[in-house]
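Structural overview for review
If you want the building blocks of each chain, they are given just below.
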Amino acid sequence: MMKARLEIPALRENLSQVTAFVGERLEEFSCGMKLQIQLETAVEEIFINIASYAYPENPGNAVVELTCENGTAEITFTDQGVPFDPLSRTDPDTTLPAEARPIGGLGILMVKKMMDKVTYRRENGCNILSIQKKIQ
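Below is a summary of the structure that appears in this document.

Quick notes on the rules
- Residues numbered from 1 in each chain as written.
- Predicted model: local features only at pLDDT ≥ 70, side-chain atom pairs only at ≥ 80, totals over all residues.
- Heavy atoms only, no water.
- Helix = DSSP H or I, 4+ residues; strand = E, 2+ residues; numbered from the N terminus.
- Expected span 1.5 Å × (residues − 1).
- Buried < 20%, exposed > 50% of the residue type's maximum accessible area, 1.4 Å probe, protein only.
- 1 Å grid on protein atoms, 1.4 Å probe; cavity = no way out; pocket = protein on both sides within 12 Å on 5 of 7 lines; lining within 4 Å.
- Points joined across faces, edges and corners; volume = space filled by probe spheres on them.
- Nonpolar A, V, L, I, M, F, W, Y, C, P; charged D, E, K, R; others polar.
- Core = buried A, V, L, I, M, F, W, Y, C linked by side-chain atoms within 4.5 Å.
- Contact = heavy atoms within 4.5 Å.
- Disulfide = S-S within 2.5 Å.
- Pairing = 2+ DSSP bridges.
- Salt bridge = Lys/Arg side-chain N within 4 Å of Asp/Glu carboxyl O.

**Overview of helix H2 (residues 33-54)**
Taking 1.5 Å as the rise per residue, H2 with 22 residues should run 32 Å; its terminal C-alpha atoms sit 30 Å apart, in good agreement. For H2, the complete set of buried residues consists of Gln36, Gln38, Leu39, Ala42, Val43, Ile46, Phe47, Ile48, Ile50, Ala51 and Ala54.

**Looking at the layout of surface pockets**
Where empty space is left becomes clear once a probe the size of a water molecule has been rolled over the atoms. Space inside the second largest pocket adds up to approximately 250 Å³. Taken together, 15 residues make up the lining of the second largest pocket; nearest its centre are Asn49, Ile50, Asp79, Phe84 and Pro86. Listed by contribution, the elements that provide at least two residues to the lining of the second largest pocket are H2, strand E3 (72-79) and strand E5 (126-134). No other element matches the five residues that H2 contributes to the lining of the second largest pocket. For the lining of the second largest pocket, the per-class residue count stands at twelve nonpolar, two polar and one charged.

**So, the nonpolar core**
Core analysis: the largest hydrophobic core is formed by 38 residues, its most contacted members being Leu39, Ile75, Phe77, Val111, Met115 and Ile131. Broken down by element, the residue count for this core peaks at nine residues, all from H2. With near-sequence residues (within four places) excluded, Ile131 lies in contact with Leu39, Ala42, Ile46, Ala73, Glu74, Ile75, Phe77, Val111, Met115, Lys117 and Val118.

**Quick look at the state of the cysteines**
Scanning the model with the defined rule gives zero disulfides in all. Sulfur of Cys68: no disulfide; nearest cysteine sulfur belongs to Cys31 and is 7.5 Å away.

**Some details on unusual backbone geometry**
Notably, Asn70 is not glycine yet its phi reads approximately 50°, a positive angle. Its place among the elements puts Asn70 in the loop between strand E2 (61-69) and E3. Overall, the relative accessible area of 67% leaves Asn70 in the exposed class. Positive phi is not limited to glycine here, since Asn124 has a value of about 50°.

**Describing the pairing of E5**
Looking along a regular strand, one sees side chains alternate from face to face of the sheet. With seven of its nine residues buried, E5 lies for the most part within the structure. Pairing between E3 and E5: eight bridges, direction antiparallel. Residue pairing in the sheet places Ile75 in a bridge with Ile131 of E5. Hairpin geometry of strand E4 (residues 117-123) and E5 is characterised by an intervening segment of two residues between the two adjacent antiparallel strands and by a positive phi of about 50° at Asn124.

**Considerations on the side chain of Thr19**
Among the secondary structure elements, Thr19 is positioned in helix H1 (residues 15-28). Judged by relative accessible area, which is 18%, Thr19 ranks as buried. With residues up to four places along the chain from it excluded, the contact list for Thr19 reads Glu40 and Val43.

**A word on the pattern of salt bridges**
Two side chains that carry opposite charge are able to pair once their charged atoms sit near each other. Tallied over the full model, the rule gives six salt bridges. The shortest N-O distance in the salt bridge between Arg5 and Glu65 comes to 4.0 Å. Here Glu65 lies in strand E2 and Arg5 lies in strand E1 (residues 2-9), a separation of 60 residues in the sequence. Overall, the relative accessible area of 51% leaves Arg5 in the exposed class. Residue classification places Glu65 among the partly exposed residues on the basis of a relative accessible area of 22%. Three or more residues are tied together by salt bridges with common partners; here these are Arg5, Glu7 and Glu65.

In structure tokens:
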């Protein structure tokens, strides 16, 4: 089992550090390029949402933890921001024309479709969102 952790201010300008951290760990675990791109795309979507919405008043931190075990990568995002369960929202109706759809929700829909499992829980004042993908 491999486990790595990064705690970083939840600021949009830190996205490249987060994706580099995840990418390097996935390479260490011999993750294929297609799966690595899917995971990094999901990481980007989730981190940008945390950076954009979790801390409306004062900036806070995000913790990104990556675990690789039994051929599965799990990436967990923890923040102490505003309570928000992105999985509780109804998926947007992608059959409607773009101008007829409400704004928001497409990013998490994409994450749910690309990953094998996505979970959310609120615990000890923290939002905890985990994504899993079989990589071997």
